Amino acid sequence: MRDCGVCLYKMAAPVDLELKKAFSELQVKMIDTQQKVKMADLQIEQLNRLQKHAKLTHAEITTLPDNTRLYEGVGRMFILQSKEEINNQLMDKQKTADEKIKELEQKKVYLERSVKEAEDNIREMLLSRRAQ
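As annotated in an unreviewed UniProt entry, the protein chain carries the name Prefoldin subunit 1 and is attributed to Sphaeramia orbicularis. According to its UniProt record, the protein chain has this under Function (unreviewed entry): "Binds specifically to cytosolic chaperonin (c-CPN) and transfers target proteins to it. Binds to nascent polypeptide chain and promotes folding in an environment in which there are many competing pathways for nonnative proteins." The UniProt entry for the protein chain carries this comment under Sequence similarities (unreviewed entry): "Belongs to the prefoldin subunit beta family."

As structure tokens, then:
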């Protein structure tokens, strides 16, 4: 009878190691995914600031006469451009930022779902371990 108990213990040890390994891998994946979600949040925040700046600039230049030429900062230089050219660039920036924000929001939803699944898997592993 005692030999059977030893056999069960020896069989449980590799399962326990596999469980710990799987648990560690899930934890690493979950932490990595959470960091990616935070990075997406930061990028979205930055793009929102870019949009706000573009909208404010657009609001300022729309009040100017159409033939107004404005200086645009490009690196360390300033380039004289028409109001229309600058307005078009602002609209392009806003459109690009909108597209990128939508893309990041979708990525974020996917990543958050992935974190939730990883948490559920960890919870299941712990519950199954406790049940044994």
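That shown, we press on.
A. Representation of the overall build of the protein chain in the model. Looking only at helices and strands, the protein chain has two helices and two strands in total. The buried share among the 132 residues of the protein chain stands at 23%. A sequence separation of at least 24 residues applies to 67% of the contacts in the protein chain between residues at least 6 apart. Accessible area for the protein chain stands at about 10,700 Å²; split by element, carbon and sulfur atoms hold 56% of it.

B. Representation of the pairing of strand 1 (residues 69-74). In the sheet, strand 1 pairs with strand 2 (residues 77-82) via six bridges, with the strands oriented antiparallel. Its bridge partner being in strand 2, Tyr71 is matched across the sheet by Leu80.

C. Fine view of the UniProt feature "coiled-coil region" (unreviewed entry) in the protein chain. Listed under "coiled-coil region" (unreviewed entry) in the UniProt record, and renumbered for this structure, are residues 83-121. Helix makes up 100% of residues 83-121 and strand 0%, with an end-to-end C-alpha separation of 57 Å.

D. The layout of surface pockets, seen in detail. Quantified by volume, the largest pocket comes out at close to 180 Å³. As for the largest pocket, its lining consists of His53, Thr57, Ile61, Leu70, Tyr71, Glu72, Gly73, Ile86, Gln89, Leu90 and Lys93. Mapped onto the lining of the largest pocket, the elements with two or more residues apiece are helix 1 (2-62), strand 1 and helix 2 (83-131). Considered class by class, the residues forming the lining of the largest pocket number five nonpolar, four polar and two charged.

E. Representation of the confidence of the model for the protein chain within the structure. Residues at a pLDDT of 70 or more form 88% of the protein chain, whose mean pLDDT is 83. Helix 1 is the least confidently modelled element of the protein chain, averaging 79 in pLDDT, while strand 2 averages 90, the highest of any element. This stretch, residues 1-11, has a pLDDT under 50; its non-local contacts, to residues over four places away or in other chains, come to zero contacts.

Definitions and cut-offs
Residues numbered from 1 in each chain as written. Predicted model: local features only at pLDDT ≥ 70, side-chain atom pairs only at ≥ 80, totals over all residues. Heavy atoms only, no water. UniProt positions renumbered as here; feature names shortened; annotations may be inferred. Helix = DSSP H or I, 4+ residues; strand = E, 2+ residues; numbered from the N terminus. Buried < 20%, exposed > 50% of the residue type's maximum accessible area, 1.4 Å probe, protein only. Contact = heavy atoms within 4.5 Å. Areas by Shrake-Rupley, 256 points an atom, 1.4 Å probe, with all protein chains shown as cover. Pairing = 2+ DSSP bridges. 1 Å grid on protein atoms, 1.4 Å probe; cavity = no way out; pocket = protein on both sides within 12 Å on 5 of 7 lines; lining within 4 Å. Points joined across faces, edges and corners; volume = space filled by probe spheres on them. Nonpolar A, V, L, I, M, F, W, Y, C, P; charged D, E, K, R; others polar. pLDDT = per-residue confidence, 0-100.

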